[in-house]
Structure formats: structure tokens, C-alpha cells
Amino acid sequence: MTASDATGDEEATSGSTDETQTTSIPLRAADGENDTDSGNDADNDNGTDSGNGTDSRNVADHGNVADHGNVADHENDADRGDGDASDRDDRDDRDDRGVGLDEVVLDDSVIDDAVIDDAGGNNRGLFDDLLSGEPIFENKEVLRPSYTPHELPHRTEQINQMATILVSALRGETPSNILIYGKTGTGKTASAKFVSQELESTSQKYDVPCEVEYINCEVTDTQYRVLAQLANKFIEKNRDGIDARLADLRDLRDAATDDPSRLDATEFDTVAEVDARTDALERDREGMETVPMTGWPTDRVYSTFFDAVDYNERVVVIMLDEIDKLVEKSGDDTLYNLSRMNSELDNSRISIMGISNDLKFTDFLDPRVKSSLGEEEIVFPPYDANQLRDILQHRADISFKADALTEDVIPLCAAFAAQEHGDARRALDLLRTAGELAERSQADTVEETHVRQAQDKIELDRVVEVVRTLPTQSKIVLFSIILLEKNGVRNINTGEVFNIYKRLCQEIDADVLTQRRVTDLISELDMLGIVNAVVVSKGRYGRTKEISLSVPIDETEAVLLSDSRLGDIENAQPFVQARFDN
């Protein structure tokens, strides 16, 4: 009789006497240990009992018995009747020997059916309930800004303009430099990446050496970092090309050693020439030193990039996203050097594609850089509500499951985004956030209420980020306005803000700016949309600014107090002067 059969017999015997409902997990012994006993008490783990049939425990007490919520020792003993003593002795013998974990094999089918925890109930983890609902998304990544779609609605004209300019790269010629302008979320980067992918795939199809390198200048915002990143990218590509070439040369050498005629269709006449070329390539590879992120003189970084890009024959398009950030941080030296490289390169050619939100950033460029950089200009206009609706519908068909959106979701997302300068990125974020909120609430569909909740959430996230990155002096001015509003003051004027501001500066030992400078800071907060400042006339008393908050007080105050410098003024309650309003 096998171990599982014995267990079944014992359950049938004990079922009428045991009032406690238990879950018994059958075990099967490894390495043939479940052989049937001839009648005497067997020494193996699953042997039959000479006195009372089979010992149903089958496992030593080291972790596989009572701890799993099965049957306690005294309950099993009571069920067996007259075999108590022999069973315990038999168990004690097994306990002395011990049963290794690798000697016991759990029955997988029973483990799947019986999920047991220490309390004897269902063991549901933290994420089990969250995973129980049906997901709404099919592919959420489609709604993220990093995704490059295969089709860009309402940008055909701009894409065709870029293509007609860059097609000369496929002929081995140097394309004109391109500057792309447009507000945030107008499809500039997505269109440029789409054209770049098409350019690279076409170059591979026609075996034309053409490459596109993308750099986000908001992250890589200095000349050193830009040149170092470009140099390291080309060094890596050169090394990969050398490794592939060396592998081919070694194969050719091995074949030519046995059969010199294998060199007839190659550029080499002898094996010695193959060895010489192999040695030269190995020296080239060893000499390609990657540029560290800091520590080298800029001219050395530039020469390393120059040598790396000119090592092979190719046309390179360097895409500089947020190019205005690079100019703002480190001037136009980088653009000057890149735009003048073609006159010095022997094998390769370079073209620059700049992308900017600032339509006027070229006003700060050197005239020579401006003339060479802005050879071609493409402007991306904002999307209107109908165009945003088409874009959202196109992405929603891929990202959401069928019938996951109600009819009013996409029009509402498009309307919200169209109010803010036709920002497609904002519309996609809004749709994605609405879907996430619906999924968290385990709703079957995304509805209008989810879109409105997402709008409030995104707006709050934007405010938090803007307030968090304000300079310290601007934070003190904003905290002064918050204190005045919390004390019930309405139509706050600049003088009242300045009085509170001075007291707060004394509290945290900060420099006190002049009232004119504080007025300028209030104007900056107004421009950011954090406060609303309106100039009003007081007749013979002159003009003043009436200030009110445009953001939630509690959330804004919490962000301000999270600043370690301002944390000390949490309990400060400056004196608020009483006044008589007309």
C-alpha cells in the first residue's frame, strides 16, 4: 500500500470520531521510500505501522506537521485507538533520525488546492485583491511620452518637410541643419524620432552608413557632457565594428592557412597582410579610450569625439532636444563647434537637428552660429480639440481593451488639453491617469468622473512641482501670502505681504530683500499661476496690487514646510495688522 493510500484509509477510519475539521496534505516520499511494508514496523519514513495500519503523519516534527495547521499530536493519537504507544515510539524513532527537506516531495496538485497559513485560513497577500480585478489597459506604455507611434495624425506636413531635408543623407551628402520650434506637446520630438527611425531603417535597407544620435539637453546640459556622450556612443560603435571585422579576419586567416586560394577574392595577397591588418585593428581598439563624465579638458574631449566620429565613413544626424536649455546653461560654444566640424572631417559628415520650445532662443546666439544652424526651420502649431480627439482615439484603440472607455471620456480629455495651448502630452497624461484611477477603484470602464478626478490630480501634481522648485526667497513670499489668507485677510496688498515677509526672514535668519524686489517676486508667482495679482487704483492713495492665492492652501503649505530651511517657521504666527476695508 502506498503512502497516499494509507492516508486515505486512515481518514476514512478517523472521520467518524474526529470532530475537528482539518486539511491533510498528502506527502510522497522521494527515492522509493514509500514502499509497502511486509507487516513489521518499517524504518523508512512512510512505512506501515505494525500495530495500527499506517502512521498518517508521514513527516517528522521539524516543520511539516502541526506548524502547517494539520492535526496536532494528541488528536492523531486519540484517533488511532490501541496503537497509541507504538505510534509514538515509531514517531520518536523517526524524529531521532530526522527527515531532510529534500527527502519529502509535496503533492503539487494538493498544494494548489489548499492554501494554508498559520491561522488556518486563506493566505491572501497584499497584492492578491488588487490583482483580482480585470485590467482596463491593453498596453499602457502607448500613452506615455516616450512612446513613438507608427503613425502621427495631423503632422504629415511637418514629417514630409523633415524627410525631404534629410533624404540627402541617404545619398551620402550632408543634410541641411534643421531647427524645429513649437510649444510643449505639439509633437516635435515624436515626429523627429519617427523620421529618424525611418531614416536609419532605410539606410540599412540600401546599405548606406547613416546614423542618428539623440541627446536630451535638459539632462545633458553642458558642452562637456554633450561631447562626452557623443564620443562614447561612437567609440562603442567603432569597437563593435572592429570586433566584427577581427572575427572575420581570423576566420579568413585560418581558412587561408590551409588553402591560400581563399585570399583570391579578397583585398589581401598573403596571410602576412591579414596579420598586419589584424594587428592594426587591435591597436586601434586599444587606443579608443572612453571619456569620463568629468575630469578631462574640454579640448581633449572634443578631439576624442572628432576622432571617434571620423573613424568610419558615415553621415551623422545629431538630434538635440531642448536645445535652448543647452544654450541657456553653457552658451553656444557647443553649437559653434558642431556646426563647424564638417570643414575638418575627412570621412564623415554631421548635421544638427535642434528642437526647442522657445521661439526666440536664436536671438541669443552668435550670428555665425545662427546662420549655420538655422538653415531650415520647421514650426509645429498647437493642436486644436478635434485634432487632439483624433490623437487620443488613435492611442486609445491600442492602449485600452475594447469598450473600456465611455463615449464622453476622449472628448473631455481633448477639451481639457485644448484649453492649455493644445498640449497632446497633457491629453495623453490625462487619459492615462483617468484609466489608472478607474483601475484602482476596480471599475469596469473609464468614465467622465475619472477624467475630472485625473484633471484635479494632475493639476495638484503640477502645483506641487512648481512650488517645490521655487527659490527660498520666493517660498518665503508665498508663505507670507498663505499666512495672511489663513488669518482671514482678503484682497491682500503688497505692503502687507512685505511686513509679514520681513518677520519670517527674521525667524529663519534669511536676508531681507527690498520691497521693490518682493514686488517682482510676487509678479513671478503670478506668472507661474500660483497667485493672482491684479493692479488696482486707490484714487488719491495711488495704485497697489491685490493678491490672492490660486492654488490649494493646505497642499501648498505642506510643500513649503517640507523645505528644511522653512521648516522652522511652521509655528510662527506673525502679527497681522487689522484694517478697515471699504
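Novice: Please set out the sheet that holds strand 10 (residues 492–493) residue by residue, giving values where relevant.
Specialist: Pairing in this open sheet of three strands is antiparallel, and the strands run 10-12-11 from one edge to the other. Since the sheet does not close on itself, it has two edges, and those belong to strand 10 and strand 11 (531–537), each with one partner. For strand 11 and strand 12 (residues 543–549), the ladder comprises seven bridges, and the chain directions are antiparallel. Considered in strand 12, the bridge of Val536 is made with Thr544.

Novice: I'd like to hear about helix 21 (residues 553–561), residue by residue, with values.
Specialist: Thr556, Glu557, Val559, Leu560 and Leu561 are the residues of helix 21 that are buried. Of the surrounding secondary structure, the elements contacted by the buried residues of helix 21 are helix 17 (448–468) and helix 18 (472–486).

Novice: Residues and numbers for the nonpolar core, please.
Specialist: By size, the foremost hydrophobic cluster in this structure holds 46 residues, and its most contacted members are Phe305, Leu320, Leu335 and Met341. Ranked by the residues each element gives to this core, the list is headed by helix 8 (residues 223–258), at 13 residues. By size, the runner-up hydrophobic cluster in this structure holds 36 residues, among which are Ile481, Ala510, Ala533 and Leu566.

Novice: Go over the sheet that holds strand 6 (residues 210–216), please, and point to the residues and values.
Specialist: Taken together, five strands build an open sheet; the order of strands is 6-7-8-5-9 and the sheet is parallel. In the strand order of this sheet, the two ends are held by strand 6 and strand 9 (376–380), each with one partner. Averaged over all neighbouring strand pairs, the angle between strand axes comes to 15°, with direction disregarded. Both strand 7 (residues 314–321) and strand 8 (residues 348–356) contribute to a ladder of eight bridges, which runs parallel. Bridging from a neighbouring strand, Val317 pairs with Ser351 of strand 8.

Novice: Run through the environment of Ser348, naming residues and quoting values.
Specialist: Among the secondary structure elements, Ser348 is positioned in strand 8. Residue classification places Ser348 among the buried positions, given a relative accessible area of 0%. Placed 39 residues apart in sequence, Ser348 and Val309 show a C-alpha to C-alpha distance of 6.8 Å. Once residues lying within four places of it in the same chain are set aside, the contact partners of Ser348 are Val309, Asp310, Asn312 and Arg314. Among the polar contacts made by the side chain of Ser348, one reaches the main-chain carbonyl oxygen of Val309 at a distance of 3.1 Å.

Novice: Describe a negative patch on the surface, and please don't skip the residues or the numbers.
Specialist: On the surface, Asp248, Asp251, Asp254, Asp258, Asp259 and Asp264 cluster together to form a negatively charged patch. Here Asp259 shows up in the loop between helix 8 and helix 9 (271–287).

Novice: I'd like a description of the packing of helix 18 against helix 19 (residues 494–508), backed by residues and values.
Specialist: It is at 9 Å that the axes of helix 18 and helix 19 come closest, and there the two elements cross at 120°. Here helix 18 is positioned oblique relative to helix 19, judged by the angle of their axes. Two packed elements cross with a definite hand, and for helix 18 against helix 19 that hand is right-handed. Of the residues in helix 19, those in contact with Gln473, Ile476, Val477, Phe479, Ser480, Ile481, Leu483 and Leu484 of helix 18 are Glu496, Val497, Ile500, Tyr501, Leu504, Cys505 and Ile508. Its residues assigned to classes, the contact of helix 18 with helix 19 comprises 12 nonpolar, two polar and one charged.

Novice: Lay out the packing of helix 15 (residues 409–419) against helix 16 (residues 424–440) in plain terms, naming residues and giving numbers.
Specialist: Orientation of helix 15 relative to helix 16, taken along the N-to-C sense of each, is 140°, at an axis distance of 8 Å. Regarding the angle of helix 15 to helix 16, the classification is oblique. Judged by the twist between their axes, the crossing of helix 15 over helix 16 is right-handed. On helix 16, the residues touching Val409, Cys413, Phe416 and Ala417 of helix 15 are Ala427, Leu430 and Leu431. The residue makeup of the contact of helix 15 with helix 16, split by class, is seven nonpolar, no polar and no charged.

Cut-offs applied
- Residues numbered from 1 in each chain as written.
- Predicted model: local features only at pLDDT ≥ 70, side-chain atom pairs only at ≥ 80, totals over all residues.
- Heavy atoms only, no water.
- Pairing = 2+ DSSP bridges.
- Helix = DSSP H or I, 4+ residues; strand = E, 2+ residues; numbered from the N terminus.
- Buried < 20%, exposed > 50% of the residue type's maximum accessible area, 1.4 Å probe, protein only.
- Contact = heavy atoms within 4.5 Å.
- Core = buried A, V, L, I, M, F, W, Y, C linked by side-chain atoms within 4.5 Å.
- Axes fitted to C-alpha atoms, helices over the stretch in contact; angles between N-to-C directions.
- Polar contact = N/O pair within 3.5 Å; in protein donor to acceptor, adjacent residues only side chain to side chain.
- Patch = residues over 30% accessible without salt bridge, like charges linked within 9 Å, V, L, I, M, F, W, Y side chains within 5 Å.
- Areas by Shrake-Rupley, 256 points an atom, 1.4 Å probe, with all protein chains shown as cover.
- Salt bridge = Lys/Arg side-chain N within 4 Å of Asp/Glu carboxyl O.
- Lys, Arg positive; Asp, Glu negative; His and termini not counted.
- Charge placed at Lys NZ, Arg CZ, Asp CG, Glu CD.
- Parallel < 35°, antiparallel > 145°, perpendicular 65-115°, else oblique.
- Left-handed = near helix turned anticlockwise from the far one by under 90°.
- Nonpolar A, V, L, I, M, F, W, Y, C, P; charged D, E, K, R; others polar.

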